[in-house]
Amino acid sequence: MNENVVWNWEHAAAVLPQLLEGLQITVLATVVGMVIASVLGLLVAIVRRSKLRVVTFPVGFLVEFIRSTPLLVQLVFANLLFAQFPSLAIGCVVLGIHYATYMSEVYRAGIDAVPKGQWEAAIALDLPRSRTWGAVVLPQAIRNTLPGLGNYAISMFKETPFLFAIFVVEMYTAAQQYGADTFRYMEAITMAGLLFLLVSYPTSLLVRRLENRLA
C-alpha cells in the first residue's frame, strides 16, 4: 500500500467505524445540550421580563458574561471545577447553558411577537398568570421560535468538536486519534466533515421548510 498518495480509500473505510462511534457521542451531546438550552433559555427569557431589578440584573449579567466568554474556555473551566463528574455530562451541561443564553433572546422575540390583544383578552377573562402564560402566550411564542431554535441546534451540533478539550471522544476527536495512530489525517478529517454535512444539511433544509410554513 502506497502511503504517499493524497487519498486512500482503504483508510477512508477503516476510519468509518470509529467515526460512527464518535457520531453517537456527538448526537447525544447535541440532543441533551439542546434540551437543557431549550428549557433554561425559556426560563431565562421569562425571568428577564420581571420588573424586579434585583432579579433581572444578576441574571442579565450572567447571560452577558457567558455570551462574552468562549465556549472552549467555559468547557475547560467547568471540567477543572467539576472534575468528579464525567466529562461528557459536563460537556452537555456547558453546551446547554451556553446556548441557553442565545435561545433566551429567541424566546424573548417570540413572546414579544404575541399580539397585545391576547394579553388583554387573558386579563379581561381574569385568567391566572400561570394560565395566561401556559395556555395563551407560550404556545404562540414557542411556535414562532421553532425555526430559530432549530438553527441553534445545528450550530450546537457543529460546535461539539470543542469537547475534545475535555477529553470527550466525539467525532472530530475520533478522526484526530485515527490520524495520530496511522499518520493518515486526510481521510479521517474528510470523512468526519462529510458525516457532519450529512447530518447538518438535511436538518437545515427541514428548519428552512418549517420557517417557510410558519411564515
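For the structure itself, consult the block above.
Procedures and definitions
Residues numbered from 1 in each chain as written. Predicted model: local features only at pLDDT ≥ 70, side-chain atom pairs only at ≥ 80, totals over all residues. Heavy atoms only, no water. 1 Å grid on protein atoms, 1.4 Å probe; cavity = no way out; pocket = protein on both sides within 12 Å on 5 of 7 lines; lining within 4 Å. Points joined across faces, edges and corners; volume = space filled by probe spheres on them. Helix = DSSP H or I, 4+ residues; strand = E, 2+ residues; numbered from the N terminus. Nonpolar A, V, L, I, M, F, W, Y, C, P; charged D, E, K, R; others polar. Axes fitted to C-alpha atoms, helices over the stretch in contact; angles between N-to-C directions. Parallel < 35°, antiparallel > 145°, perpendicular 65-115°, else oblique. Left-handed = near helix turned anticlockwise from the far one by under 90°. Contact = heavy atoms within 4.5 Å. Phe/Tyr/Trp six-rings, centres within 6.5 Å; stacked < 30°, edge-to-face > 60°. Buried < 20%, exposed > 50% of the residue type's maximum accessible area, 1.4 Å probe, protein only.

For the rest of this paragraph, the subject is the layout of surface pockets. Its volume calculated, the largest pocket comes out at about 390 Å³. Around the largest pocket, the lining is made up of 17 residues, and of these Gln 74, Phe 77, Ala 78, Val 94 and Ile 97 lie nearest the centre. Going through the elements one at a time, helix H2 (53-68), helix H3 (71-81) and helix H4 (87-112) are the ones with two or more residues in the lining of the largest pocket. If one sorts the elements of the lining of the largest pocket by residue count, H4 sits on top with six residues. When grouped by side-chain class, the residues that make up the lining of the largest pocket number 14 nonpolar, three polar and no charged. For the second largest pocket, the calculated volume is near 190 Å³. Lining the second largest pocket we find Val 27, Thr 30, Val 31, Met 34, Val 35, Ser 38, Ala 153, Ile 154, Phe 157, Val 199, Ser 200 and Thr 203. Elements represented by at least two residues in the lining of the second largest pocket include exactly helix H1 (9-47), helix H6 (129-159) and helix H8 (185-214). The biggest single contributor to the lining of the second largest pocket is H1, with six residues.

As a further point, take the packing of H1 against helix H7 (residues 171-182). Contact geometry of H1 with H7 gives a least axis separation of 7 Å together with a crossing angle of 150°. The pairing of H1 with H7 is recorded here as roughly antiparallel in orientation. Our pair here, H1 against H7, has a crossing hand that is right-handed. Residue-level inspection shows His 11, Ala 14, Val 15, Gln 18, Leu 19, Gly 22, Leu 23 and Thr 26 of H1 in contact with H7, the latter providing Met 171, Ala 174, Ala 175, Tyr 178 and Thr 182. Classifying every residue of the contact of H1 with H7 gives eight nonpolar, five polar and no charged.

Under the definition given, this model contains six aromatic pairs. Residues Tyr 99 and Tyr 102 carry aromatic rings whose centres are separated by 6.4 Å and whose planes lie at 55° to one another, so their mutual orientation is tilted. In this pair, Tyr 99 and Tyr 102 both sit in helix H4, three residues apart, roughly one turn of the helix. Overall, Tyr 99 belongs to the buried group, its relative accessible area being 5%. For the pair Tyr 102 and Tyr 152, a centre-to-centre distance of 6.1 Å together with 35° between the ring planes defines the contact as tilted.

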